[in-house]
Amino acid sequence: MIPFIDLKSQQDQIRSKIDKRIQTVLDHGQYILGPEVKELEKKLGLFSNSKYVLCCSSGTDALLLALLGLGLKPGEGVIVPAFTFASSAEVMPLLGAIPIFIDVDSHTFNLDPTKLDDALKTANKLGINVKGIMPVGLFGQPADMDPINNFAKNHDLWVLDDAAQSFGSTYNNKPVGSLCEVSATSFFPAKPLGCYGDGGALFTNNEKIYEIANSSHVHGMGKVRYEYDRIGMNARISTIQAAILLEKLNIFPLELKKRQNVADNYNKHLNQLNLGIKTPVLIKESTSSWAQYTIILPDDINRDTLQENLKSKNIPTAVYYPIPLNKHKPYEKYPISHEGLSNTVYLSKNVLSLPMHPYLSESDIILIVKSIAEAIKN
Ligand SMILES: *Cc1c(COP(=O)(O)O)cnc(C)c1O
């Protein structure tokens, strides 16, 4: 059985160090906001070239805290791709705000900046006051941030990067976390940098955003304990998770290199097949953290049959995401860009994610690619 994501091999590398880190927490007993949390925030700040890092309870909460920090109000709008995980859009309605769905680029899977103007006009026609844009670094590659940031500047919008999958990648040699006003990532176990539970972090150079998010993640607490400045939530990270992440962060740069190597091997072997399968495309500005290795199947290949066939050979695959967000019941009422979402619709029918993790060997990749070829030709 080839694992879709191999957390066991990773743990084997650092198990004794993680055990020691957990032991330290058990000894000092500060399970909430212990010293490991501050240490992790400092190291993540250096890694992502961000002045302020706030670790919190999940990637979704990091997005929510970022929106609180940005001051998003009920009835205001945020432009967000329809081809993404539910978290990206669910945080707006939670604050009474409105997601406006925009299409993605058919090669990069990411928000298409040339469609921003249409999305904004669509919202304005409906009388929605758009405040910001949320690009998503889907499958590990950051969105094309320069044109997105330029558009935002010209229209007085902020940009919040949903980097739950793209943390560890770069854009024009700048690390994700530093590409716009505020960024959020997730430490869900299966993400490129994951812990052993739920966790997330927010990154910004803006002191005010940080202060509000920091206060909000502990019930809106002010400078004095048990004095409250605002309505907040409980969104703290556990100290044990921070301790685990400190050891994972140490090997993260090496793992990112290994992930790139895995992607290179996939590209090499898949492109030899000549079956019309499209391998992932990186724009010249960016690197990817390869949260997923996602191919696009031609229309004449039946995805369900292929998945079944691979499953029978113990090769797991996944479809991220089979249904555009705007097609799910809770999201049906929100506006979609006037120009439509044709790439989103196409990709949701044709994408397939293959096993991806730093420890995937070339021989396993050859086996996977051979199995794909056999399944299709039969
Ligand atoms: C995983 C993910 C999130 C949410 O992260 P959680 O830690 O699970 O809350 C948000 N956006 C995207 C694109 C994700 O993949």
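Residues numbered from 1 in each chain as written. Predicted model: local features only at pLDDT ≥ 70, side-chain atom pairs only at ≥ 80, totals over all residues. Heavy atoms only, no water.

*Asks:* Mind showing me how you'd approach the site of the ligand here?
*Replies:* Around the ligand sit 14 residues in total, of which Gly59, Thr60, Asp162, Ser186 and Lys191 are the nearest. With respect to the ligand, the side chain of aspartate 162 contributes an N or O atom lying 2.7 Å from a nitrogen atom. One of the side-chain N or O atoms of glutamine 165 is found 2.8 Å from an oxygen atom in the ligand. Computed on the free molecule, the ligand has an accessible area of 380 Å², of which 92% lies beneath the protein chains in the complex. Where the shell around the ligand is concerned, the elements lending two or more residues are helix H3 (59-70) and helix H4 (86-94). The class makeup of the residues in the shell around the ligand is three nonpolar, nine polar and two charged. (Near = heavy atom within 4 Å. Polar contact = N/O pair within 3.5 Å; in protein donor to acceptor, adjacent residues only side chain to side chain. Areas by Shrake-Rupley, 256 points an atom, 1.4 Å probe, with all protein chains shown as cover. Helix = DSSP H or I, 4+ residues; strand = E, 2+ residues; numbered from the N terminus. Nonpolar A, V, L, I, M, F, W, Y, C, P; charged D, E, K, R; others polar.)

*Asks:* Looking at this model, I keep getting lost on the domain arrangement of the protein chain. Mind explaining?
*Replies:* Accessible area lost during the coming together of the parts is what is often quoted as the interface size. With domains assigned, the protein chain is organised as domain 1 (7-102 + 109-248) and domain 2 (253-377). Centre-to-centre separation of domain 1 and domain 2, based on C-alpha positions: 25 Å. Listed per partner, the contact involves 41 residues of domain 1 and 36 residues of domain 2. Taking both sides of the interface into account, the surface hidden between domain 1 and domain 2 amounts to around 3300 Å²; carbon and sulfur atoms contribute 61%. Considering only the side of domain 1, the residues that lose the most area to domain 2 are Phe83, Phe101 and Phe139, jointly responsible for 22% of the buried surface there. Seen at the junction of domain 1 and domain 2, the total is zero salt bridges. One can count 20 residue pairs in polar contact (both at pLDDT 80 or more) joining domain 1 with domain 2. The set of elements that each furnish at least two residues to the side of domain 1 that touches domain 2 consists of helix H1 (7-28), H4, strand S3 (98-102), helix H5 (116-125) and strand S6 (170-171). No other element matches the five residues that S3 contributes to the side of domain 1 that touches domain 2. In terms of residue class, the side of domain 1 that touches domain 2 is built from 23 nonpolar, 14 polar and four charged. (Domains from an automatic or database assignment. Contact = heavy atoms within 4.5 Å. Buried area = accessible area lost by both parts, 1.4 Å probe. Salt bridge = Lys/Arg side-chain N within 4 Å of Asp/Glu carboxyl O.)

*Asks:* What exactly am I supposed to notice about the sheet that holds strand S8 (residues 182-186) here?
*Replies:* Spatially, the seven strands line up as an open sheet ordered S1-S9-S8-S5-S4-S2-S3, and their pairing is mixed. Of all the strands in the sheet, the pair left with one neighbour each is strand S1 (52-56) and S3. Each adjacent strand pair in this sheet contributes to an overall mean axis angle of 25 degrees, direction not counted. Looking at chain direction, S8 and strand S9 (residues 200-204) are connected through five bridges and run antiparallel. Across the sheet, residue threonine 185 finds its bridge partner in S9, namely alanine 201. Packing against the sheet, H4 makes contact with strand S2 (77-81), S3 and strand S5 (158-162), and its axis sits at approximately 150 degrees to S3. (Pairing = 2+ DSSP bridges. Axes fitted to C-alpha atoms, helices over the stretch in contact; angles between N-to-C directions.)

*Asks:* Would you mind going over the pairing of S9 with me for this structure?
*Replies:* A regular strand places its side chains so that they alternate between the two faces of the sheet. Across the five residues of S9, five count as buried, placing the element largely inside the fold. Side chains of S9 alternate between two faces, with Gly200, Leu202 and Thr204 and Ala201 and Phe203 buried alike. Sheet topology places S1 next to S9; five bridges connect them, and they run antiparallel. Paired with valine 53 across the bridge in S9 is phenylalanine 203. (Buried < 20%, exposed > 50% of the residue type's maximum accessible area, 1.4 Å probe, protein only.)

*Asks:* Teacher, can you tell me more about a nonpolar patch on the surface here?
*Replies:* Together, Leu26, Tyr31, Ile32 and Leu33 give the surface a local cluster of nonpolar side chains, amounting to about 380 Å² of exposed area. Structurally, the position occupied by leucine 33 is in the loop between H1 and helix H2 (35-48). (Patch = residues over 30% accessible without salt bridge, like charges linked within 9 Å, V, L, I, M, F, W, Y side chains within 5 Å.)

*Asks:* Looking at this model, I keep getting lost on the packing of H3 against H4. Mind explaining?
*Replies:* Think of two packed helices as two axes; the pair is described by the angle between the axes and how far apart they sit. Interaxial distance between H3 and H4 falls to 9 Å at its minimum, and their mutual angle equals 45 degrees. In terms of orientation, H3 and H4 fall into the oblique class. For the element pair H3 and H4, the recorded crossing hand is right-handed. Listed contacts from H4 to Thr60, Leu63, Leu64 and Leu67 of H3 are Ser87, Ser88, Glu90, Val91, Met92 and Leu94. Classifying every residue of the contact of H3 with H4 by side-chain character gives six nonpolar, three polar and one charged. (Parallel < 35°, antiparallel > 145°, perpendicular 65-115°, else oblique. Left-handed = near helix turned anticlockwise from the far one by under 90°.)

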